[in-house]
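One-letter residues, chain by chain:
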Amino acid sequence: MIATLDGRDVAAIAGSDAGPAGWNTYVAVDDADAATQSLVGLGATVRTAPADAGEGGRGATLVDPEGAELRLWQARRRLGVQATNEPGTWNCGRRTALIRDPQGAELTASQFTPPES
């Protein structure tokens, strides 16, 4: 189910047979397969290989070397949330990864930071 606010997508809600209930945050990527391969090269482990999620897009789940889960989303018909940081939506003002290895964080962050021109 897609939760909306004033006609804009703000969250997706789905059932799960595995583990406790929780919220997942996805990182938008142009190519889930290429991003997965790149992150594996930096030491991530694939929990769920890139797979189509209907016509909405393609997703993958990885775990970084310290055990933090990271989900990727390659949008097709579902671009992701269309409203954030307002009442009734997800507050995306700050996402912080708590890690023990700053060098590993720098390598992972480099995958999501456009190169300077």
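Structure: see above.
It should be emphasised that the depicted structure is a prediction, and the values quoted were computed from it without experimental measurement.

Q: Just to check I follow, could you spell out the pairing of strand 6 (residues 69-75) for this structure?
A: For a regular strand, side-chain orientation follows a simple rule: the groups alternate between the two sheet faces. A large share of strand 6 lies buried, amounting to five of its seven residues. Both strand 3 (residues 26-28) and strand 6 contribute to a ladder of three bridges, which runs parallel. Looking across to strand 6, one finds that valine 27 is bridged to leucine 72. Two strands pair when backbone bridges link them, and strand 5 (residues 57-63) and strand 6 are joined in this way by seven bridges, in the antiparallel orientation. Residue pairing in the sheet places valine 63 in a bridge with glutamate 69 of strand 6.

Q: I tried to follow the nonpolar core on my own but got confused; where do I start?
A: A general trend in soluble globular proteins is that nonpolar side chains are found buried together. Listed in full, the nine residues of the largest apolar core are Val29, Ala32, Ala35, Leu39, Ala44, Ala60, Leu62, Leu70 and Leu72. With three residues, helix 1 (residues 32-41) is the largest single contributor of residues to this core.

Q: When you look at the sheet that holds strand 3 in this model, what are you seeing that I'm missing?
A: Note: strands within a sheet are paired through backbone hydrogen bonds, in either parallel or antiparallel orientation. The mixed open sheet is built from four strands, whose spatial order is 3-6-5-4. The two strands at the open ends of the sheet, each matched to only one other strand, are strand 3 and strand 4 (45-53). Taking the axes of each pair of neighbouring strands and ignoring which way they run, one obtains an average angle of 20° across the sheet.

Each value, and the rule that gives it
- Residues numbered from 1 in each chain as written.
- Predicted model: local features only at pLDDT ≥ 70, side-chain atom pairs only at ≥ 80, totals over all residues.
- Heavy atoms only, no water.
- Buried < 20%, exposed > 50% of the residue type's maximum accessible area, 1.4 Å probe, protein only.
- Helix = DSSP H or I, 4+ residues; strand = E, 2+ residues; numbered from the N terminus.
- Pairing = 2+ DSSP bridges.
- Core = buried A, V, L, I, M, F, W, Y, C linked by side-chain atoms within 4.5 Å.
- Axes fitted to C-alpha atoms, helices over the stretch in contact; angles between N-to-C directions.

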